[in-house]
Amino acid sequence: EGARKAGVKRIVFASSNHAVGFYPRTTTIPPEVIPRPDRPHGLSKVFGEGLGALYAMKHGIGVTSLRIGNVADAPIDARRLAIWLSPEDLVRLIRIGLERPGLVYEVMYGVSDNARSWYDNSHAYELGYAPASRGEDYAEKVLAAEPKEGKHPVAEHYQGGTFCAAEYSADFETIKKSN
């Protein structure tokens, strides 16, 4: 509300992949999916995305919600090969949110060019996103260091990884069948 009163014309909201963490890793999801947050942090990001949509539609503020994966210089494990975002590619996404003419409300996935990605980010590409970093460039090294045993089945099934597995008490087999 303070931004609206101050006359702000564009907002880029740092959302998170944890807003949709309870989708199976076998599923490629577009930005329009029903949110499935994997922890309270993800739930707060769903609220922030909704707030952005409200202010975009009601007050004409151009809002971009970036569902950021993992920002780092390089991916460090198999899960991050799917969700990694280089700092340089993050800047590219932010610039679209701040500079793209005619933008009203957009949700984009904050990931680099990752061959293992779980996200359909084609709309971001239509808006001009051209990531320069590739997760696959790190795959051989990352996968060689990956533990072969001791992985939690819930963490391995869902995109949110260990954040889904933490405090998990549902019947996993029943829930998994409903995905």
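Our subject in this report is the structure included herewith. Only a predicted model underlies this, so the values are computations on that prediction, with no experimental measurement involved.

### Regarding the overall build of the protein
In terms of regular secondary structure, the protein is built from nine helices and five strands. Counting from the amino terminus, the protein carries its helices and strands in the arrangement α-β-α-β-β-α-β-α-β-α-α-α-α-α. For 179 residues, the compact-globule estimate of 2.2 N^0.38 gives 16 Å, and the protein sits close to it at 17 Å. For the C-alpha atoms alone, the extent of the protein along its principal axes is close to 55 × 35 × 25 Å. For the protein, the residues scored as buried account for 42% of the 179 residues in total. Long-range contacts, defined as pairs at least 24 residues apart, comprise 66% of the intrachain contacts of the protein with a sequence gap of at least 6. A total accessible area of about 9500 Å² is found for the protein, and carbon and sulfur atoms account for 56% of it. Taking the 22 positively charged and 22 negatively charged side chains of the protein as two groups, their mean positions are separated by 6 Å.

### Re unusual backbone geometry
The phi dihedral of Glu 167 is positive, around 60 degrees, even though this residue is not glycine. Turning to its location among the elements, Glu 167 is positioned in the loop between α8 (162-165) and α9 (172-178). The exposed category is assigned to Glu 167, whose relative accessible area is 80%.

### Focus: the pairing of strand β2 (residues 62-68)
One face of the sheet, then the other: side chains in a regular strand alternate in exactly this way. For β2, the buried fraction is high: seven of the seven residues fall into the buried class. By the alternation rule, side chains of β2 split into Gly 62, Thr 64, Leu 66 and Ile 68 and Val 63, Ser 65 and Arg 67, which are all buried. Sheet topology note: the strand β1 (residues 10-16)/β2 ladder contains seven bridges and is parallel. Of the residues in β2, the one forming a bridge with Ile 11 is Val 63.

### Observations concerning the pattern of salt bridges
The full count for this structure, using the stated rule, is ten salt bridges. The closest approach of N and O atoms between Lys 176 and Glu 173, which form a salt bridge, is 3.6 Å. In this pair, Lys 176 and Glu 173 are both assigned in helix α9, three residues apart and thus about one turn of the helix distant. Classification of Glu 173 by relative accessible area gives partly exposed; the value is 41%.

Criteria and cut-off values
- Residues numbered from 1 in each chain as written.
- Predicted model: local features only at pLDDT ≥ 70, side-chain atom pairs only at ≥ 80, totals over all residues.
- Heavy atoms only, no water.
- Helix = DSSP H or I, 4+ residues; strand = E, 2+ residues; numbered from the N terminus.
- Rg over C-alpha atoms; globule rule 2.2 N^0.38 Å.
- Buried < 20%, exposed > 50% of the residue type's maximum accessible area, 1.4 Å probe, protein only.
- Contact = heavy atoms within 4.5 Å.
- Areas by Shrake-Rupley, 256 points an atom, 1.4 Å probe, with all protein chains shown as cover.
- Lys, Arg positive; Asp, Glu negative; His and termini not counted.
- Charge placed at Lys NZ, Arg CZ, Asp CG, Glu CD.
- Pairing = 2+ DSSP bridges.
- Salt bridge = Lys/Arg side-chain N within 4 Å of Asp/Glu carboxyl O.

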